Amino acid sequence: MAAPHDGPWLDDAAGRLVRPYTVSNGRTRPTSRLDLLSQVMATGAAPIGYLGPEHSTAIGLCEAPRSVAEIAAQLKLPAVVTKVILSDLIDCGALTTKAPDFYHNPTDRSLLEAVLDGLRRQL
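In this text the structure is predicted, and so the values were computed from the model without any measurement.

Asker: Before we move on, could you go through the sheet that holds strand E3 (residues 39–42) and cite the residues and values that matter?
Answerer: Taken in spatial order, the three strands of this open sheet run E4-E3-E5, and their pairing is antiparallel. A single partner strand is all that each edge strand has here, and the edge strands are strand E4 (66–67) and strand E5 (95–98). Pairing of E3 with E4, which is carried by two bridges, proceeds in the antiparallel orientation. Across the sheet, residue Val-40 finds its bridge partner in E4, namely Arg-66. With respect to the sheet, helix H4 (residues 79–91) is in contact with E3 and E5, its orientation differing from that of E5 by roughly 110°.

Asker: Describe the side chain of Thr-82, with residues and values.
Answerer: Checked against the element boundaries, Thr-82 lands in helix H4. Those residues in contact with Thr-82, other than ones at most four positions away along the chain, are Val-68, Ile-71, Ala-72, Leu-75 and Leu-77.

Thresholds applied
Residues numbered from 1 in each chain as written. Predicted model: local features only at pLDDT ≥ 70, side-chain atom pairs only at ≥ 80, totals over all residues. Heavy atoms only, no water. Pairing = 2+ DSSP bridges. Helix = DSSP H or I, 4+ residues; strand = E, 2+ residues; numbered from the N terminus. Contact = heavy atoms within 4.5 Å. Axes fitted to C-alpha atoms, helices over the stretch in contact; angles between N-to-C directions.

Encoded structure:
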């Protein structure tokens, strides 16, 4: 039986009822160049054509800029499937993307300390 907060896509015993590759129609390569740190944000434009429930959920999650990693975690999907979904939304103009500002130096000490502080606050 599905947990009430998970909707029909998850089952307590079986796990995900719809396999991730079906969510992306079997595609494993996004059309947009995205990495886990890429920031995506909704443009406000309505997507044209049919989109699955994961696409709609992703748009809702992107009202404020979010990383691909955050969206994958919220959707409970593998990163590659999430990238395909986000790519679909970028292609139809519903999302916009940009590389994070600190991308040039991901080992910056102040950045790593800020991440560590954020993790500590979560625990």
